[in-house]
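Structural features, examined
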Amino acid sequence: MMSGRPGKKRRLLFKAPAAIPVLVLLSAGMVWWHAFSLPEVLFSTDHSRLLLDRDGHLLSAHIATDEQWRFPESATVPDKFATALIRFEDRRFRRHHGVDMLALLRAGFDNLRQGRVVSGASTLSMQVIRLARGNPPRTLSEKGLEILRAWRLEMRLDKEAILALYAAHAPFGGNVVGLEAAAWRYFGRAPGQLSWAESAMLAILPNNPALIHPGRNRAQLLAKRNRLLTLLHAQGTLETLDYELALAEPLPEAPHPLPRLAPHLLDTLSRQYPQQQRFHSTLDAPLQQSLNNLARRSGEQLALEGIQNLAILVLDNHTLGTLAYVGNRPDMDSMQDQGHAIDMIQRPRSTGSTLKPLLFADMIEQGLILPDSLVADVPVNYSGFTPQNYNRRYHGAVSAREALARSLNIPMVNLLSLRGVEPFLAQLRQLGLSHLKRSARDYGLSLILGGAEATPWELGVAYAGLANRARQSRRQQQAFWPRGRLLQEETQPSHRIVTLSSASAWLTLEALLDVARPGDEGYWEKFSSSRKVGWKTGTSYGQRDAWAIGVDPDFTVAVWVGNASGAGRADLTGTRSAAPILFNTFNLLPAAGDWFRPPQWQLHTVSVCRDDGYLANGACNTRQVPAPVGSHFARLTPYHQRVHLDAGGQWRVHSECESVAHMQSRSWFVLPPEQASFYRQYHADYQPLPPWRPDCQDGDGSNVNQTALGLLYPQEGTQIYLPRELDGKLGQVVFRAVPQRPDALLYWHLDNRFVGTTRTFHQQAMQPVAGRHRLTVVDEDGNRVERAFEVLAGS
């Protein structure tokens, strides 16, 4: 027995080298089968792009590049559809490993008996492989490859993932591919909301997609659906009542059009994120639908006036998530060449007056003004730039709060001149106005009057950021401005540093409550139930853009109206065209909570003069107002002075001409004469400073009243073109002076040459030659004012 063992060992060693190549080939085959028999990516076809609201409802969709409605794959399949599909297509799907051997044997027997292929025995896993390969011709070799790859598929993915692949890529008739697209096309809702009857119909459809053809095969489709429902009832999936109700449901009629609630936003997101196919937005579908209806009605009315485009944006002030996004007039034929396909929310337009609240907040933050500080409103010229108020009137002096509420251009230009264009431009960029790419010198003071461009998105986010800042408590203070959000995954703040305090933001929004509302909205304060809205309008030069932006504690609404082409219209204004849409939008929003609470921890009380809103100097009647703690406002009143009058209060006197015992001291509010001349037209109680008593006039002129005389025109450095009359001759230019006493006698001099006198109506016509000149006006008391100006040569 021992002698036989070495021989057996020698025979085994002799056979081993011959087996090695076989083992290598087998191993290589296993490696290939495991690693390469199934492509890493099964489906490489293009998908439709979808926009969903915050609850997953479909808002809009783009068809795939191959003209198929093929929605992106979903990770899950609704239970009803999965149950119906498995019962109809692959009863043992949960138990087999890609191939149902019993079904294969049955199919082989049936095919041999019939002499032709009558059954394929394809499992859902095999059908996924077949779909991934583009439905090639049915051959034995193809079936074998499907079997191998189905086994491999089952090793790679679990059953739920395989079901999801099938549901996403199965054909459902016409150009509809996938369960989600089919649910929306045939039933107008998401797959998870389908009934048993609807789920059963979709479960049988991939087996014969032609059954869905409208007007044909409906009896056959209904019969197949009902047979599947009967099977589900028989296996106990459906209760009797559910089964009877399902049988009673009719088949769908013609396919539903897919929702187009936010097509402009989907266009914009598709450009920004070309690789993304499913966009989970922060929009609210019911609100979006309501605003589409509002935009449709408003657009029809505006179109009668030659105004073709509009945009509405609604933001949540708590999160800066976008709740509604109407990028243009909805449901318009883009072939009309009116720009209806353009997303105007992302299109930069002239800002009009919409930057004024941001300047107001910045000025308060820097300690340059308080809301009631007076600002000059008189004709002004800044190196050739001569701003005008919208109504072409002047008010002499108005509070900054009134200038903002009434959108007065001249006071706001004066404020920007005080602040400086460069620092204000930096503030706007921090607020997110990214289209401000030019230098401060290029923009100049016209920046505040619409000399810059911004998108409705940028302005809406800036105003919402102001509201967000105003509502922040001490513990909620953030270092960076919040980011405007379109998508749910956009949760990180911006990298823009916060440059306004909660106090400055709150004072600004308080001032915006004073803006007069249009039409019946103007009576809002008379009703306790009315909604408080701080808002601002804007109209660009040439009336090309109309804006209205409003804020309450919960929402910010931005409305733009105009023509995408840039064409202006005479009736296009923020108040008339955009404001009604703004307040109709607020009427569709949920009721807001209480108005912004004062951030007391960032405020302190200061004593200011009642007349001008500057810090009291001991010579004025005062009142207490809130001011930001960090602003360090320190401007003493420039308009109040202590004066000494005679016993009758008629003349100004001093101790050299009147005994102290017969003098009385009063606080007097004194504006410069050019301001006073306009101011008294709106303030009947304004009293000019009394003149000096004749015996109190000093011969050296030390008592000359420096505020007794002013020049409205020309301003210092004004450049003038002489008008050309109808007969071709050069006309005259009219200069205007404003003495403190209208009946004063004024003496006019041009370049030290006497021209003439005026009394009561102080206007003087002249025809100076081209070149530089100096105008001097002197009153009978010796008060004088001078201005240098230039007459430009030209026709």
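Description of the structure in this document. (Residues numbered from 1 in each chain as written. Predicted model: local features only at pLDDT ≥ 70, side-chain atom pairs only at ≥ 80, totals over all residues. Heavy atoms only, no water.)

Side note on unusual backbone geometry
Cis peptide bonds are those with omega within 30 degrees of zero, and the linkage from Tyr713 to Pro714 qualifies with 10°. Not every positive phi belongs to a glycine, and Glu67 is a case in point at roughly 65°. Following the sequence through the fold, Glu67 ends up in the loop between strand S2 (58-62) and strand S3 (69-70). In this structure, Asp751 takes a positive phi of about 55° despite not being glycine. (Helix = DSSP H or I, 4+ residues; strand = E, 2+ residues; numbered from the N terminus.)

So, the packing of aromatic side chains
Summed over all chains, the structure comprises 12 aromatic pairs. Seen in terms of ring centroids, Tyr273 and Phe279 are 6.4 Å apart; in terms of plane orientation they differ by 50°. Their pairing is tilted. Exposure remark for Tyr273: the relative accessible area of 28% places this residue in the partly exposed category. On the basis of relative accessible area, Phe279 is assigned to the buried category, the value being 0%. Ring centres of Phe735 and Phe789 lie 5.2 Å apart, and the angle between their planes is 55°; on these two criteria the pair is classed as tilted. Taken together, the residues span a long stretch of sequence, with Phe735 in strand S21 (residues 733-739) and Phe789 in strand S26 (residues 784-791) at a distance of 54 residues. (Phe/Tyr/Trp six-rings, centres within 6.5 Å; stacked < 30°, edge-to-face > 60°. Buried < 20%, exposed > 50% of the residue type's maximum accessible area, 1.4 Å probe, protein only.)

What about the packing of helix H13 (residues 356-365) against helix H16 (residues 421-430)?
The geometry of H13 relative to H16 is characterised by a closest axis approach of 11 Å and an angle of 110° between their N-to-C directions. Judged by the angle between their axes, H13 and H16 are roughly perpendicular. The element H13 and its partner H16 pack so that their crossing is right-handed. Of the residues in H16, those touching H13 at Leu358, Leu359 and Asp362 are Phe424, Gln427 and Leu428. Counted by class, the contact of H13 with H16 contains four nonpolar, one polar and one charged residues. (Axes fitted to C-alpha atoms, helices over the stretch in contact; angles between N-to-C directions. Parallel < 35°, antiparallel > 145°, perpendicular 65-115°, else oblique. Left-handed = near helix turned anticlockwise from the far one by under 90°. Contact = heavy atoms within 4.5 Å. Nonpolar A, V, L, I, M, F, W, Y, C, P; charged D, E, K, R; others polar.)

Focus on the pattern of salt bridges
Tallying each qualifying case throughout the model produces 20 salt bridges. In this structure, Asp514 and Arg401 form a salt bridge, with 2.5 Å as the shortest nitrogen-oxygen distance. Highlighted residues: Asp514 in the loop between helix H19 (502-512) and strand S12 (534-539) and Arg401 in helix H14 (residues 400-405), separated in sequence by 113 residues. The salt bridge involving Glu402 is made with Arg406; its shortest N-O contact spans 2.6 Å. Arg406 sits in the partly exposed class, given a relative accessible area of 40%. Several salt bridges share partner residues, and in doing so they unite Glu658, Arg693 and Asp695 into one network. (Salt bridge = Lys/Arg side-chain N within 4 Å of Asp/Glu carboxyl O.)

Digging into the pairing of strand S24 (residues 763-766)
In the case of a regular strand, side chains alternate between the two sheet surfaces. Residues Gln764 and Met766 line the buried face of S24, whereas the alternating positions Gln763 and Ala765 sit on a face that is not buried. Where S21 meets S24, four bridges bridge the pair, whose relative direction is antiparallel. Among the inter-strand pairings, Phe735 is bridged to a residue of S24, identified as Gln764. (Pairing = 2+ DSSP bridges.)

A few points about the sheet that holds strand S25 (residues 771-779)
Taken in spatial order, the five strands of this open sheet run S20-S26-S25-S22-S23, and their pairing is mixed. Pairing within the sheet leaves two strands with one partner each, and these edge strands are strand S20 (718-720) and strand S23 (753-759). Across the sheet, the axes of successive neighbouring strands diverge by a mean angle of 30°, strand direction being ignored. Pairing of S20 with S26, which is carried by three bridges, proceeds in the parallel orientation. Pairing of Gln719 across the sheet is with Glu790, part of S26.

Here's the deal with the sheet that holds strand S19 (residues 709-713)
Read from one edge of the open sheet, three strands run S19-S21-S24, paired in antiparallel fashion. Two strands bound the open sheet, and with one partner strand each, they are S19 and S24. If you compare each strand with its neighbour and ignore which way they point, the axes differ by 25° on average. Its contacts with the sheet put helix H21 (residues 673-682) on S19 and S21, and the angle it makes with S19 is roughly 75°.

Examining the environment of Met155
Summarising the element assignment, Met155 is placed in helix H5 (residues 140-156). Judged by relative accessible area, which is 49%, Met155 ranks as partly exposed. Expressed as a C-alpha distance, the spacing of Met155 and Gly98, which sit 57 residues apart in the sequence, is 9.0 Å.

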